[in-house]
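Observations on the model geometry
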2 protein chains.
Amino acid sequence: MRVGIAGCGLIGGSLALALRRGHDVRAYDPAGTGEIAGAARLEDLLAADVIVVATPLSQIVPTLRALAVHSSGTVLMDVGSLKRDVAAFAESAPPSARIVGGHPMAGSTDQGLGAARADLFAGRPFFLVPTARADERAMGIAGDVARAVGAIPTIVSAQEHDRIVAVLSGLPLVVARALARVGADVAAFGGPGYRDATRLAQTPPELADALLMGNAAEVRAALARFRTALDDLEREVG
Amino acid sequence: MRVGIAGCGLIGGSLALALRRGHDVRAYDPAGTGEIAGAARLEDLLAADVIVVATPLSQIVPTLRALAVHSSGTVLMDVGSLKRDVAAFAESAPPSARIVGGHPMAGSTDQGLGAARADLFAGRPFFLVPTARADERAMGIAGDVARAVGAIPTIVSAQEHDRIVAVLSGLPLVVARALARVGADVAAFGGPGYRDATRLAQTPPELADALLMGNAAEVRAALARFRTALDDLEREVG
């Protein structure tokens, strides 16, 4: 499989390290691709069978748009943390474009190519989201990418995906920030339990804001369920 | 220093392993003391300079009470997670008793002697709480115990201690349980961030309940501050 990777941060870099063990990988990133074979321009990736778009969240739809007009046959697969905007873009994309949403459920509060590692996705779920521009071949290739990095492909709708991510990523992030705010004056005494409970508060702000503001309705719904659970648990405290 | 340890779980066992590197340590636990030198009866520990009471929280005051009547000169130091009951007991203890509250800020969701390790307290804060039955010598010996296990002794009142513990242990525990409840149907997709955020929900229920119900007023106060922080952060989501 010839794979192009657009964006070489933690996720793109880790995908490249994992995929190049068995596939022909070229990456494009304006900030450099480290020891990974680099392409001079984004468009140079179009010779691949599949291009994985692993840019920051705000650049995913613009990058898909730039690629989609020239992408005859090349499958475009993003790996951003939210899927509704990708699904919406696909509906208006050129009819010849092939677009699949993807999201490996792995990560780290460490960011960038320097934190990338080939085993980041091993055994992890890898969401695949069909779009109006996905067909059987495109979904198959996306599944091959997921399996090639050791992950477990799981098909989900864009709506359900963003709901799940609000519960598993958005909500814990807001909660960790609130815990860190309440404990700020005594945090130096905190043990490993407190450290783990507040770790997500260290998520880089631009990534955190994109995850929260780009999924605000679902995050609010998760917060409402969380408040109910908290009220129930407080009653159990006696 | 001759040290007696009453209760050989994670904390008592780890204290014994750390202390026996430089001190004469004997432990008492009805369930056995593993490879640590054992005493046949609780009272056999009274020959020591200091007895560290490391039983489950519900047994700390009863154990202190059993020891206090015979403890002429031997310093009694508990290492439970809450300090108000210990301070209250000390006020009515025999005038000859010497009682100091202690609480090393270290732990693990793994419990029992099998999880004990000599370096559990290395570099960690170790709260020391003066009581109505503490004097300079008793506080000094308690500080020596804390330093001997590699911890950093910090003096705090019983009230302030229980407030801090509500923020650093009680609140994160309730929050982790609420997160786990909201995410129960999708937890299998959770990455390391979600796992860390919900880890404290695995605290053994009897330990968790003792920490929460035994400190209910402070936990409620921490929950109130947490809800305010959550409301503020939700507004920032936009």
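The notes below deal with the structure included here. Only a predicted model underlies this, so the values are computations on that prediction, with no experimental measurement involved.

1. Considering the pattern of salt bridges
As enumerated under the stated definition, the model contains 36 salt bridges over all chains in all. Residues A:K83 and A:D78 are paired through a salt bridge, measuring 3.0 Å at the closest nitrogen-oxygen approach. Across this residue pair, the class does not change: A:K83 and A:D78 are buried. Note that A:D144 is salt-bridged to A:R147, the shortest N-O span being 3.3 Å. Note that A:D144 and A:R147 are positioned in helix 4 (residues 136-148) at a spacing of 3 residues, about one turn of the helix. Three or more residues are tied together by salt bridges with common partners; here these are A:R220, A:R227, B:D231 and B:E234.

2. Digging into helix 1 (residues 10-19) of chain A
Of all the 10 residues making up helix 1 of chain A, 10 are buried; the element is thus mostly covered by neighbouring parts of the structure. All of the buried residues in helix 1 of chain A are A:L10, A:I11, A:G12, A:G13, A:S14, A:L15, A:A16, A:L17, A:A18 and A:L19.

3. A few points about the interface of chain A and chain B
Contact with chain A, which involves 53 residues of that partner, is made by 53 residues of chain B. Here chain A packs against chain B, burying approximately 5,000 Å² in sum over the two surfaces, 65% of which is carbon and sulfur. It is A:V182, A:F189 and A:V237 that lose the most area in chain A upon contact with chain B, and together they represent 14% of the buried surface on that side. At the junction of chain A and chain B, the tally comes to 12 salt bridges. Inspection of the region where chain A meets chain B yields 13 residue pairs in polar contact (both at pLDDT 80 or more). Every element with two or more residues in the side of chain A that touches chain B is listed here: strand 6 (125-130), helix 5 (158-182), helix 6 (192-198), helix 7 (205-213) and helix 8 (216-237) of chain A. The leading source of residues in the side of chain A that touches chain B is helix 8 of chain A, at 15 residues. A class-by-class count of the residues in the side of chain A that touches chain B yields 31 nonpolar, 7 polar and 15 charged.

4. Overview of the environment of A:R20
All names here are of chain A. One can find R20 in the loop between helix 1 and strand 2 (24-28). Under the relative-accessibility criterion, R20 is labelled partly exposed at 37%. Each C-alpha atom, one on R20 and one on F89, is 29 Å from the other, the two residues being 69 residues apart in sequence. Those residues in contact with R20 that sit more than four places away from it in its chain are V25, E35 and I36.

5. Here's the deal with the side chain of A:T203
Residues and elements named next belong to chain A. Within the secondary structure, T203 is located in the loop between helix 6 and helix 7. Looking at T203, its side chain comes within polar contact range of the main-chain oxygen of L200, at 2.6 Å. Contacts of T203, omitting those with residues within four sequence positions, involve T109, L173 and A208.

6. Looking at the nonpolar core
Core analysis: the biggest nonpolar cluster contains 72 residues, and A:V175, A:F226, B:V175 and B:F226 have the highest contact counts within it. Setting aside residues up to four positions removed in sequence, B:F226 forms contacts with A:V175, A:A178, A:L179, A:V182, A:F226, A:L230, B:L171 and B:V175. By size, the runner-up hydrophobic cluster in this structure holds 34 residues, among which are A:A27, A:V52, A:A54 and A:L120.

7. A word on helix 3 (residues 84-91) of chain A
Residue and element names in this part refer to chain A. Taken together, the buried positions of helix 3 are occupied by V86, A87, F89 and A90. Buried residues of helix 3, seen end-on, are gathered within an arc of 160 degrees and therefore sit on one face of the element. Across from the buried face of helix 3, at angles greater than 90 degrees, the exposed residues are D85 and E91. Those residues of helix 3 that are buried are in contact with helix 2 (57-68), strand 4 (75-78), strand 5 (98-104) and helix 5.

8. Comments concerning the packing of aromatic side chains
Across all of its chains, the model carries 3 aromatic pairs over all chains by this definition. Pairing A:F189 with B:F127 gives two aromatic rings, centres 4.8 Å apart and planes at 55 degrees, and the pair type is tilted. Of this pair, A:F189 sits in the loop between helix 5 and helix 6 while B:F127 sits in strand 6 (residues 125-130), each in a different chain. Judged by relative accessible area, A:F189 falls into the partly exposed class, the value being 22%. Each ring, one from A:F226 and one from B:F226, has its centre 6.2 Å from the other, and the planes form 65 degrees; the classification is edge-to-face. Placement of the pair is A:F226 in helix 8 and B:F226 in helix 8 (residues 216-237), with the two residues belonging to separate chains.

Conventions we followed
Residues numbered from 1 in each chain as written. Chains lettered and ligands numbered in written order. Predicted model: local features only at pLDDT ≥ 70, side-chain atom pairs only at ≥ 80, totals over all residues. Heavy atoms only, no water. Salt bridge = Lys/Arg side-chain N within 4 Å of Asp/Glu carboxyl O. Buried < 20%, exposed > 50% of the residue type's maximum accessible area, 1.4 Å probe, protein only. Helix = DSSP H or I, 4+ residues; strand = E, 2+ residues; numbered from the N terminus. Contact = heavy atoms within 4.5 Å. Buried area = accessible area lost by both parts, 1.4 Å probe. Polar contact = N/O pair within 3.5 Å; in protein donor to acceptor, adjacent residues only side chain to side chain. Nonpolar A, V, L, I, M, F, W, Y, C, P; charged D, E, K, R; others polar. Core = buried A, V, L, I, M, F, W, Y, C linked by side-chain atoms within 4.5 Å. Arc of directions from axis to C-beta. Phe/Tyr/Trp six-rings, centres within 6.5 Å; stacked < 30°, edge-to-face > 60°.

Geometry only, nothing functional implied.
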